[in-house]
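# Working through the structure, step by step
Letter by letter, the chains look like this.
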Amino acid sequence: MATATPEADQTPPSSANGPLTAATRNSSDYTAQPGPELTVVVPTLNERANVPLLVERLAEALDGIDWEVVFVDDNSKDGTMQVVRELAGANRRVRGIHRIFRRGLSGACLEGMLSSSAPIVAVMDADLQHDETCLSEMFRLIRNGDTDLVVATRYDTGGSATEGFGDVRARGSKLAIQLAKSLLKVDMSDPMSGFFMLRHEVVDAVAPRLSQQGFKILLDIVASSRAPLRIKEIPYRFRQRLHGESKLDATVVLEYLGLLVAKLSGDLVSTRFLAFGMTGSAGVIVHLAVLRLLLLNGLSFTPAQTGAMLTAMTFNYTVNNALTYRDRRRTGWRFFTGLAMFAGLCSFGLAAGVGISSVFYQSEPRWWLAGLAGAAVGSIWNYVTNSAITWRAR
Ligand code: GDD
Ligand code: MN
């Protein structure tokens, strides 16, 4: 493909003169090189050593298909993006998207798929755990026309996860699949797979409803699709990671549970709101513990309560900054300006909550109901305003 330029064309390769060259080419050159039939999207976070190997393997596995690979990198510290750019400079089949101020596997995959002009897109990991030799068969199944989505599965007959997983991971993975199957009625043997291929139009249809966080983009796509998808599965052996380490941690597991709740509630309760709520509940415990401690140490109620509130607020802010909004995390001096914003917004939330519960109590004098109403209004206010202001998307 890269050599398809007609010989009579005197225009130098675009890399020689930079972007201006493209504008000076005549239009027939554009039609001479149609876009690829298949885009393979590969999210990366510190995968420098794996990237060149993967490109080599893709070239071998996709021989005969007009493919491209898009690496979507969340500003890796190990220079993954530089490696991608070097490869892309030498080979048109390689592209890269460099994201800054953002984190999240699902969001990265989505962005890569949306950047593609190919009718068929695939997602796979960079770490060579996924067997790239499955890709050509997956492509054939979709191009035949009677399949919308092909999932490479570790659990169907013939597939295997034993090599790439430790014992705990293997059991956790099975449990997650059971939950997805029974709660969301998703009938796939491996809805957690990070290795799949689908028609571009399926992505376009569900994109606005997808969560940006977490690892579970496939489950999210299937659960969010309004039209039933024609799904096929093909088994493969999940290999060991070659270089680097896994990014799946406790937060990823929590995000997964959050996704289940979000989808069960028809997207009413978002993963982020759940995390915000759980942090707030932990904050109440911190508040009471500090209050008790200060009172035991001889402080009178008002200063003890003030100290407890300040501690709980700083706790809530720090945890939300680290987990709930990890993709928009405030660092350096922005950490402290964020704390001030958080404190300001939450004090409005507090006032609103107290106001609402007092009014409520006058017409319906049940303390717990009035208390809950106030707490609900306060938390929703805190969540909505802090999402929009303190941790706004930049
Ligand atoms: N851009 C970007 N941003 N990429 C990320 C991020 C992120 O925040 N987190 C992880 N990645 C990339 C990694 O660099 C790797 O290419 C791929 O996403 C998968 O990450 P791993 O850290 O290797 O995940 P894993 O092997 O533990 O998990 C595998 O199994 C899960 C199911 O159990 C993956 O296949 C997951 O997709 C799958 O859900
Ligand atoms: Mn992996």
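Coordinates for the structure precede this section.
What comes next concerns the included structure. (Residues numbered from 1 in each chain as written. Chains lettered and ligands numbered in written order. Predicted model: local features only at pLDDT ≥ 70, side-chain atom pairs only at ≥ 80, totals over all residues. Heavy atoms only, no water.)

## Examining the overall build of the protein chain
For clarity, the threshold we go by: Secondary structure elements follow DSSP: runs of H or I of four or more residues count as helices, runs of E of two or more count as strands, with numbering from the N terminus. Between buried and exposed lies partly exposed: a residue is buried under 20% and exposed over 50% of the maximum accessible area for its type, with that area taken using a 1.4 Å probe on protein chains only. Working rule for contacts: check all heavy atoms of both residues, and any pair within 4.5 Å makes them a contact.
Along the backbone of the protein chain there are 15 helices and seven strands. For the protein chain, with 394 residues in total, the buried portion stands at 42%. In the protein chain, the proportion of contacts linking residues at least 24 apart, taken out of those at least 6 apart, comes to 75%.

## Brief notes about helix α7 (residues 135-143)
Inclusion rule: Taking the helix axis as origin, the arc is that swept by the directions to the C-beta atoms.
Taken together, the buried positions of α7 are Leu135, Met138, Phe139, Leu141 and Ile142. Across the axial projection of α7, the buried residues extend over an arc of 160°, all falling on one side. In the core, the buried residues of α7 are packed alongside β1 (38-44), α4 (50-61), β4 (120-123), β5 (149-153), β6 (196-199) and β7 (231-235). Residue glycine 145 follows α7 closely and has a positive phi angle near 105°.

## With respect to a nonpolar patch on the surface
Note the following rule: Candidate patch residues must exceed 30% relative accessible area and have no salt bridge, after which like charges are joined if within 9 Å and Val, Leu, Ile, Met, Phe, Trp or Tyr side chains if within 5 Å. For the accessible areas, the method is Shrake-Rupley and the probe is 1.4 Å, while residue cover comes only from the protein chains on display. By convention in these notes, a salt bridge is any Lys or Arg side-chain nitrogen within 4 Å of a carboxyl oxygen on Asp or Glu.
Side chains of Val253, Leu254, Leu257 and Met278 sit close together on the surface and give an oily, nonpolar patch of about 350 Å² of accessible area. Top contributing element to the nonpolar patch by residue count: helix α11 (residues 250-264), with three residues. For leucine 257, the position within the fold is in helix α11.

## Regarding the coordination of the manganese ion (ligand 2)
As a reminder, the rule being used: Each metal's donors are the N, O and S atoms within 2.8 Å of it, or within 3.2 Å when it is Na, K or Ca, and because water is not part of the set, sites may look incomplete.
Taken together, the protein ligands of the manganese ion (ligand 2) are Asp127 (OD) and Gln129 (OE1), with distances of 2.0 Å. Each of the two residues, aspartate 127 as well as glutamine 129, counts as buried.

## Some remarks on the pairing of strand β3 (residues 94-98)
Regular strands place their side chains on alternate faces of the sheet. Let me state the cut-off plainly: When DSSP finds at least two bridges between two strands, those strands are taken to pair. Orient the strands so they point away from the viewer, and a crossover whose first-strand-to-second-strand path over the helix runs clockwise is right-handed.
Alignment of strand β2 (residues 67-73) against β3, held across five bridges, turns out to be parallel. Residue pairing for β3: aspartate 73 is matched across the bridge by histidine 98. Between the parallel pair β2 and β3, the chain is carried across by helix α5 (residues 80-90), and the sense of this crossover is right-handed.

## Some words on unusual backbone geometry
One non-glycine residue, phenylalanine 101, lies in positive phi territory at about 60°. Along the polypeptide, phenylalanine 101 turns up in the loop between β3 and α6 (105-114).

## Focus: the sheet that holds β6
Pairing between sheet strands relies on hydrogen bonds along the backbone, with the strands arranged either parallel or antiparallel. What counts is decided by this rule: Working convention: axes come from line fits to C-alpha atoms, limited for helices to the stretch in contact. Angles between N-to-C directions cover 0 to 180 degrees.
Reading across from one edge, β3-β2-β1-β4-β6-β5-β7 is the order of the seven strands in this open sheet, with mixed pairing throughout. Lying at the two open borders of the sheet, with one neighbouring strand each, are β3 and β7. Adjacent strand axes in the sheet meet at a mean angle of 20°, parallel and antiparallel pairs treated alike. Here β1 runs beside β2; their pairing, made up of seven bridges, is parallel. Residue pairing across strands places proline 43 opposite valine 72, the latter belonging to β2. On the sheet, α4 packs against β1, β2 and β3 and is oriented at approximately 160° with respect to β2. Along the sheet, helix α10 (residues 217-224) contacts β5, β6 and β7; its crossing angle with β6, the most-contacted strand, is approximately 35°.

## Here's the deal with the pattern of salt bridges
Inspection of the entire model under this criterion finds 17 salt bridges. The partner of aspartate 66 in a salt bridge is arginine 93, with the nearest N and O atoms 2.9 Å apart. Of the two residues, aspartate 66 is situated in the loop between α4 and β2 and arginine 93 in the loop between α5 and β3; the sequence distance between them amounts to 27 residues. Taking relative accessible area as the criterion, aspartate 66 reaches 16% and is therefore assigned buried. Taking the shortest distance from any N to any O, the salt bridge between arginine 154 and aspartate 190 comes out at 2.9 Å. Here arginine 154 is found in the loop between β5 and α8 (167-184), whereas its partner aspartate 190 is found in the loop between α8 and β6, with 36 residues between them in sequence.

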